Amino acid sequence: MNTPRQPSTSTPLPTSTSEPANSAWIPWLLVMVLFSVLVAVCVGFLKALNGSLPADAVLSAGAAFGGAALLCLAAVPVVQQLRQQR
């Protein structure tokens, strides 16, 4: 019962036009990181001016960076959802 196998034809996966291309994410991700760094530097500078210890200023700057980055990343699905509702 040896039946010849037909070669399988590979079909490309359908792409959705509503999702941005991967190359479009790179500049936006860079903007998000730079904005988060700016927020972290400002918080660290303000803590240092307040007379805090350097370790405390760095910890506060790290927390500010993480919070700003999470807010930026959380805004992406919200914007996508709002665009789909139009």
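As shown above, the structure is provided for reference.
Since the model is a prediction, treat every value here as computed from it, not as a measurement.

Asker: It is not clear to me how the overall build of the chain should be interpreted in this structure. Could you clarify?
Answerer: Scanning the chain from N- to C-terminus turns up two helices and zero strands. Surface accessibility of the chain: about 7,600 Å² in total, with carbon and sulfur atoms responsible for 68%.

Asker: How should helix α2 (residues 54-85) be read in this particular structure?
Answerer: Residues spaced three or four apart along an α-helix face the same direction, because each turn holds 3.6 residues. End to end, α2 covers 47 Å across 32 residues, agreeing with the expected 46 Å (1.5 Å per residue, within 8%). Regarding α2, the residues found buried are Ala 57, Ser 60, Ala 61, Ala 64, Ala 68, Cys 72 and Val 76.

Asker: Whenever I open this one, the pattern of salt bridges confuses me. Can you help?
Answerer: Opposite charge on two side chains lets them pair, provided their charged atoms get close. For the coordinates displayed, the defined rule picks out one salt bridge. Two residues, Asp 56 and Lys 47, come together in a salt bridge whose shortest N-O distance is 3.4 Å. The partly exposed category is assigned to Asp 56, whose relative accessible area is 32%. Under the relative-accessibility criterion, Lys 47 is labelled partly exposed at 24%.

Asker: Would you mind showing me how to read a nonpolar patch on the surface here?
Answerer: Taken together, Leu 29, Val 33, Val 37, Val 41, Phe 65 and Leu 73 make up a surface patch of nonpolar side chains, about 480 Å² in accessible area. Of the residues forming the nonpolar patch, the biggest block, four residues, is contributed by helix α1 (residues 22-49). Along the chain, Val 41 falls in helix α1. Here Val 41 falls in the exposed class, since its relative accessible area comes to 52%.

Asker: Looking at this model, I keep getting lost on the side chain of Ser 36. Mind explaining?
Answerer: Mapped onto the fold, Ser 36 is located in helix α1. On the basis of relative accessibility, which here comes to 1%, the residue Ser 36 falls in the buried class.

Asker: Got a minute to help me understand the environment of Val 37 in this structure?
Answerer: Relative to the elements of secondary structure, Val 37 occurs in helix α1. For Val 37, a relative accessible area of 37% puts it in the partly exposed group. Linking Val 37 and Ala 64, residues 27 residues apart in sequence, is a C-alpha distance of 8.7 Å.

Rules used in this analysis
Counting restarts for each chain: residues are numbered from 1 in the order of the written sequence. The predicted origin of the model limits local features to residues at a pLDDT of at least 70 and limits the giving and counting of side-chain atom pairs to 80 or more, whereas totals for whole chains, interfaces and linings rest on all residues. Side-chain metrics rest on all non-hydrogen atoms present in the structure, leaving aside hydrogens and water. Helix and strand definitions follow DSSP, with helices as H or I runs of at least four residues and strands as E runs of at least two, each counted in order from the N terminus. A 1.4 Å probe and the Shrake-Rupley method give the accessible areas. Residues count as covered only by the protein chains that appear here. What a helix is expected to span follows from its residue count: subtract one and scale by 1.5 Å. Any residue under 20% of the maximum accessible area for its type is buried, any over 50% is exposed, and the rest in between are partly exposed; the area is computed with a 1.4 Å probe on protein chains only. Take a side-chain nitrogen of Lys or Arg and a carboxyl oxygen of Asp or Glu: if they are within 4 Å of each other, that pair is a salt bridge. A patch consists of residues whose relative accessible area exceeds 30% and which take part in no salt bridge; residues with like charges are grouped when within 9 Å of each other, and nonpolar side chains (Val, Leu, Ile, Met, Phe, Trp, Tyr) when within 5 Å.

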